[in-house]
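Survey of secondary and tertiary structure
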Amino acid sequence: MKIVTDPKKMTLLVREARRQGKRIGFVPTLGALHDGHATLMAKARKENDIVVVSTFVNPLQFRKAAYERYPRDPEGDRALCEKAGVDYLFAPSAEKMYPERFDTVVEVKELTGRLEGAAIRWHYRGVTTVVAKLFAIVEPDKAYFGKKDPHQLAILKRMTEDLNIAVQIVPVATKRDRDGMALSSRNRLLTPESRKAALALPKAVAEIERRIKAGETDRGKLTEALTAMLSSAPGVTIDFAAIVDAETLREEDRSGPTLIYAAVFVDGLRLTDNRVV
Ligand code: PAF
């Protein structure tokens, strides 16, 4: 495996591979890799000739304190990528990605404002800007994203369609620990106590899934129940809960499957979970 830090070099390498007729699979990440990322990499490995993984903690999508607190583990990342058979680990610095004169943003306007997006528009703007940039650098045929963030996934699909970026977005199922907690790099920052408290999140979301499968269709009633469960959970502060159409992210639409989505704070850490029924 080759570690690449320079964006221009990365582009030259993938262009050379493409010249040889190779198909390029890309897994963009924030680093601090875990088994959930390994699942994305395994799928990319199976479906492509060359696999590129990026590990870049993108300052545009974090508030300053969260950016500094975000876990970093370059050694662990390298070992996990080696094990997954990755060809190129792209790990640029913030200076390389955003040189002094950098002055562009990419924003998906309407869709970004859905769910809790109106309050954290700047966050998704940071995600779309960096992913557009990463796609321009890596020029992948396929890019793999976890279903853990359904809003991000929907926004990125819209962006690639709107900008005619010739990449296929491949959604990959969320990996969970045995206790039901969705894998996330942030989980590393939870103490054993706060992790116990955080379990209220996957439990509440799974309970709503059970109620929908049992025939409950009133989204208002279900959202109230989800909010009540999370509000009464000790050590948990509810940030956002919604039950919407999984494709349009609107409560009133019923064309696609149903998305149950919630975000909470535990020990100052924002955690999200969801299920699609
Ligand atoms: O989901 C993530 O890991 C990040 O938001 C992404 C897509 C790598 C952009 O920084």
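All of the points below concern the structure found in this document.

When helices and strands are tallied, the chain shows eleven helices and nine strands. By the compact-globule yardstick of 19 Å for 277 residues, the chain fits well, its C-alpha radius of gyration being 19 Å. Seen through its principal axes, the chain has C-alpha atoms that stretch 55 × 40 × 40 Å. When the 277 residues of the chain are sorted by exposure, 51% land in the buried category. When contacts within the chain are restricted to residue pairs at least 6 apart in sequence, those whose partners lie at least 24 apart make up 71%.

Let us look at the sheet that holds strand β8 (residues 258-266). Across the sheet, three strands lie side by side as β7-β8-β9; this open sheet has antiparallel pairing. Edge positions in the sheet fall to β7 (237-245) and β9 (269-276), since each of these pairs with one other strand and no more. With direction set aside, neighbouring strand axes in the sheet form an average angle of 10°. Where β8 meets β9, eight bridges bridge the pair, whose relative direction is antiparallel. What sits directly across from F265, in β9, is R270. The strands touched by helix α11 (residues 219-231) within the sheet are β7 and β8, with β7 carrying the most contacts at an inclination of about 160°.

So, about the layout of surface pockets. Put simply, the second largest pocket is a space of about 510 Å³. Taken together, 19 residues line the second largest pocket, and the ones lying closest to its centre are K147, P150, L153, A246 and V276. Elements that contribute at least two residues to the lining of the second largest pocket include exactly α8 (150-162) and β9. Looking at which element gives the most residues to the lining of the second largest pocket, the answer is α8, with six residues. Class assignment of the residues belonging to the lining of the second largest pocket gives a composition of nine nonpolar, two polar and eight charged.

The strand order across the open sheet formed by six strands is β1-β4-β3-β2-β5-β6, and the pairing between neighbours is parallel. In this open sheet, the two strands that pair with only one neighbour each are β1 (2-4) and β6 (168-172). Within the sheet, the average angular offset between the axes of one strand and its neighbour, ignoring direction, is 25°. In this structure, β1 lies alongside strand β4 (residues 88-90), joined through three bridges in parallel fashion. Along β4, the bridge assignment pairs I3 with L89. Packing of helix α1 (residues 7-19) onto the sheet brings it into contact with β1, β2 (24-29), β3 (50-55) and β4, and relative to β1 it is tilted by some 135°.

So, how was this worked out
Residues numbered from 1 in each chain as written. Predicted model: local features only at pLDDT ≥ 70, side-chain atom pairs only at ≥ 80, totals over all residues. Heavy atoms only, no water. Helix = DSSP H or I, 4+ residues; strand = E, 2+ residues; numbered from the N terminus. Rg over C-alpha atoms; globule rule 2.2 N^0.38 Å. Buried < 20%, exposed > 50% of the residue type's maximum accessible area, 1.4 Å probe, protein only. Contact = heavy atoms within 4.5 Å. Pairing = 2+ DSSP bridges. Axes fitted to C-alpha atoms, helices over the stretch in contact; angles between N-to-C directions. 1 Å grid on protein atoms, 1.4 Å probe; cavity = no way out; pocket = protein on both sides within 12 Å on 5 of 7 lines; lining within 4 Å. Points joined across faces, edges and corners; volume = space filled by probe spheres on them. Nonpolar A, V, L, I, M, F, W, Y, C, P; charged D, E, K, R; others polar.

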